[in-house]
Amino acid sequence: MAMAGKLTRPAGWSRNPFRCGGTPLPLELLLAAKILVLVIVLRLVWRGLPDPFLPFLPVFDYLRHPPLFRMGLKVAVLTASVALLFNYRVRLACFVIGSVFLLGILASRVFFENNIMFLGCLFFLLGLYEAKTGPWLLRAQIILLYFAAAVNKLLDSGWRSGQFFGYWAGIEIKRSLYFQAASWLPGMLLPRAMSWITIAMEFGIALGFMFRRTRVWAIWLGLLLVVGMNFLTERTFGVFFYALPVSYLAFVTWPRTGILVLYDGDCGFCTRTRRMMVRFDSDRQFAWQPFQQAEDLHGISSEELRHRLYVIAGEKKYSGFAAFKMMALYNPITYFLMLLPLLPMQPWYSNYRSWLAVSFLLFFSPLFAPIGEAAYAWVARNRHGVLNGVDCSVTSHKSSSSVD
């Protein structure tokens, strides 16, 4: 029992806003909530929450001080956002944020947008999360979104014929390559093809998320759709550009028992790498262990471990560049670092956001793996020259060309 008069730290509370573990929400869901909170604070709150105007519910017409109503919404969102970032009452904070946006929509028809409705539902359902049942409500919301979008397009004759996409492309698409390709092809062939590709992708995402074995493919398909639309239009479609990819974390199975990193303890470069990576591991997800001291090598030979770094996450093993990539994907800080440069408003002379998003997608895709492995091998071969005197020798294999 705490001593009388002594301040105690709330359960789960953390001074580090990048820490996502140790709360009633699983790490991946709290990570998603924190990323969305940054989007809200930097992109939505300062744009303005609504005064009651043309409300869906007539009761809001009787509010005497609409500006106070809007100020109350802002205070509630900002207070809950701070609580969420510092891991205090995270479920309640999510529930409050979701309720504020849903309440704002009920109070003002003008405020209603599909992306804001989706964002409000995400937070509301995060607040209803129960460990016993898991995130099934959140997953159902995402599946329903894509399935309904695909059905809506499929039943629309304008979408089936490509006429809607052709008209919309003339207004929204900024890439001249699209229009050049359309001029080379007969009639409405390209708009019709783009229409049916979009419908197929949305059906594919919805169906892929329904089954455990196909969820990874659904995530990649969803990322391709979101990043592709942003690349063509240079628009974020409200917060859809941020909220949709972040929502996919609800389908990610995050390791619950920690991630083991086996490295060569006799290599100075490996030791220096470990120290750097540990500094950015806010949740202590990774347990670094020299293979020379490990009791269990998980079926990996000592010779292989002298040549390559290995990551063991559950029953899966990764080595070399793939190991570093998985350490990045399982570290919450990576997602914050990717988000921050994508958030600011773009200057008129630069459309960097779409190119940056494409770069992130390519880096983590299988297409980049050969380049990553080549870079990994190059560093290993040339580390004696590029590390400015850091001791990279392996005590018993000084002449071997190892990759660590």
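Residues numbered from 1 in each chain as written. Predicted model: local features only at pLDDT ≥ 70, side-chain atom pairs only at ≥ 80, totals over all residues. Heavy atoms only, no water.

## Observations concerning the overall build of the protein
Rules: Only runs of H or I of at least four residues qualify as helices and only runs of E of at least two qualify as strands under DSSP, and these elements are numbered from the N terminus. Burial classes: relative accessible area under 20% of the type maximum marks a residue as buried, over 50% as exposed, and values in between as partly exposed (1.4 Å probe, protein chains only). Only heavy atoms matter for contacts: two residues are in contact if any of them lie within 4.5 Å across the pair. In this description, accessible areas are obtained by the Shrake-Rupley approach with a 1.4 Å probe, and a residue is regarded as covered only by the protein chains that are shown.
Helix and strand counts for the protein stand at 17 helices and 4 strands. Residues counted as buried form 45% of the 404 residues belonging to the protein. Across the protein, contacts joining residues at least 24 apart in sequence account for 71% of those joining residues at least 6 apart. For the protein, the computed accessible surface area is about 21600 Å², with 65% contributed by carbon and sulfur atoms.

## Concerning the side chain of Asn 230
Test applied: Definition of a polar contact: a pair of N or O atoms within 3.5 Å, with one able to donate and the other able to accept a hydrogen when the atoms are protein atoms, and with sequence-neighbouring residues admitted only if both atoms are side-chain atoms.
Tracing the backbone shows Asn 230 in helix H10 (residues 215-233). A polar side-chain atom of Asn 230 sits 2.8 Å from the main-chain carbonyl oxygen of Arg 235. Excluding its chain neighbours within four sequence positions, the residues that come into contact with Asn 230 are Arg 235, Thr 236, Phe 241, Arg 353 and Ser 354.

## Re the sheet that holds strand S2 (residues 286-290)
We count it as follows: Paired strands are those between which DSSP finds at least two bridges. Note on definitions: angles span 0 to 180 degrees between N-to-C directions of axes, and those axes are lines fitted to C-alpha atoms, for helices only across the stretch in contact.
With respect to topology, 4 strands assemble into an open sheet ordered S2-S1-S3-S4, the strand pairing being mixed. For this open sheet the edge positions go to S2 and strand S4 (316-319), each flanked by a neighbour on one side alone. Sheet twist, expressed as the mean angle between neighbouring strand axes with direction ignored, is 20°. Here 4 bridges tie strand S3 (residues 310-313) to S4, and the two strands are oriented antiparallel to one another. Note on S4: the bridge partner recorded for Ala 313 is Lys 316. Across the sheet, helix H12 (residues 268-279) touches strand S1 (259-263) and S2, and the angle it forms with S2 is around 165°. Contacts from helix H14 (residues 320-329) reach S1, S2, S3 and S4, with the element oriented near 115° to S4.

## What about the packing of aromatic side chains?
Going by this rule: Pairing of aromatic side chains requires ring centres within 6.5 Å, counting the rings of Phe and Tyr and the six-membered ring of Trp. Pairs whose planes differ by under 30 degrees are stacked, by over 60 edge-to-face, and all others tilted. The criterion is that NZ of a Lys, or CZ of an Arg, lies within 6 Å of the ring centre and within 35 degrees of the ring normal, and then a charge sits over that ring.
Counted under the stated rule, the structure contains 24 aromatic pairs. Consider the rings of Phe 165 and Tyr 178, whose centres lie 6.2 Å apart with planes at 55°: the pair is tilted. With Phe 165 in helix H7 (residues 163-172) and Tyr 178 in helix H8 (residues 176-184), this residue pair connects regions lying 13 residues apart in the sequence. The pair Phe 165 / Tyr 178 is uniform in exposure class, with both members buried. Between the aromatic rings of Phe 321 and Phe 363, the centroid separation amounts to 5.8 Å while the plane-to-plane angle is 85°, which identifies the pairing as edge-to-face. On the criterion of sequence distance, the pair formed by Phe 321 in helix H14 and Phe 363 in helix H16 (residues 352-364) is long-range, its members being 42 residues apart. Overall, Phe 321 belongs to the buried group, its relative accessible area being 10%. For Phe 363, a relative accessible area of 32% corresponds to the partly exposed category. In this arrangement the basic side chain of Arg 109 is found over the ring face of Phe 56, its NZ or CZ atom lying 4.6 Å from the centre. Over the ring of Phe 231 we find Arg 175; its NZ or CZ atom is 4.1 Å from the centre of that ring.

## Topic: the pairing of S1
The condition is simple: Orient the strands so they point away from the viewer; a crossover is then right-handed if the path from the first strand over the helix to the second runs clockwise.
The buried fraction of S1 amounts to 5 of the 5 residues, a majority that puts the element mostly inside the structure. Summarising the sheet, S1 and S2 pair through 5 bridges and their orientation is parallel. Looking across to S2, one finds that Leu 260 is bridged to Ala 287. Since S1 and S2 lie parallel, the crossover through H12 that links them has a hand, and here it is right-handed. One ladder, built from 3 bridges, connects S1 with S3; its direction is antiparallel. Considered in S3, the bridge of Leu 262 is made with Tyr 310.

## Comments concerning the confidence of the model for the protein
What counts here: Confidence of the predictor at the level of single residues is given by pLDDT, which spans 0 to 100.
Here the protein averages 87 in pLDDT, and 90% of its residues register 70 or above. For residues 1-9, every residue scores under 50 in pLDDT, and the model assigns this stretch 2 contacts once sequence neighbours within four places are set aside. Note on residues 394-404: pLDDT is under 50 here. Beyond four places in sequence and across chains, it has 28 contacts.

## Quick look at a nonpolar patch on the surface
Operational definition: Surface patches are drawn from residues lacking salt bridges whose relative accessible area is over 30%; two like charges belong together within 9 Å, two nonpolar side chains (Val, Leu, Ile, Met, Phe, Trp, Tyr) within 5 Å. When a carboxyl oxygen of Asp or Glu is within 4 Å of a side-chain nitrogen of Lys or Arg, the pair counts as a salt bridge.
A cluster of nonpolar side chains, contributed by Phe 56, Leu 57, Val 59, Tyr 62, Leu 103, Leu 106, Phe 112 and Met 117, occupies part of the molecular surface with about 730 Å² of accessible area. Position of Phe 56 relative to the elements: it lies in the loop between helix H1 (27-45) and helix H2 (66-85).

## Thoughts on the environment of Trp 159
Mapped onto the elements of the fold, Trp 159 is located in helix H6 (residues 157-161). In this structure Trp 159 comes out as buried when scored by relative accessible area, which is 11%. With 39 residues separating them in the primary sequence, Trp 159 and Thr 198 have C-alpha atoms 9.7 Å apart. Not counting the four nearest positions on each side in its chain, Trp 159 is found in contact with Lys 153, Phe 164, Phe 165, Ser 195 and Thr 198.

## Looking at H10
Test applied: An expected span of 1.5 Å times one less than the residue number is assigned to each helix.
The end-to-end C-alpha distance of H10, which contains 19 residues, comes to 27 Å, matching closely the 27 Å that a straight helix rising 1.5 Å per residue would cover. Check the buried side of H10 and you find it contacts helix H5 (136-154), H7, helix H9 (189-209), helix H11 (240-247) and H16.

## Thoughts on the environment of Arg 70
With respect to the secondary-structure elements, Arg 70 resides in helix H2. Apart from residues lying up to four places away in sequence, Arg 70 is in contact with Leu 49, Pro 50 and Asp 51. Among the polar contacts made by the side chain of Arg 70, one reaches the side chain of Asp 51 at a distance of 3.5 Å.

## Some points on the nonpolar core
What counts here: The nonpolar core is taken to be a set of buried Ala, Val, Leu, Ile, Met, Phe, Trp, Tyr and Cys residues, with the residues joined through side-chain atoms within 4.5 Å.
Among the nonpolar cores identified, the biggest contains 103 residues, and Leu 84, Phe 101, Phe 123, Tyr 146, Phe 209 and Leu 309 are the most heavily contacted of them. The element that contributes the greatest number of residues to this core is H1, accounting for 14 residues. Ignoring any residue separated from it by four or fewer positions in sequence, one finds Phe 209 in contact with Ile 142, Ile 143, Arg 215, Ala 218, Ile 219, Tyr 248 and Phe 251. Residues Leu 262, Leu 305, Tyr 310 and Ile 312 belong to the second largest nonpolar core, which totals 8 residues.

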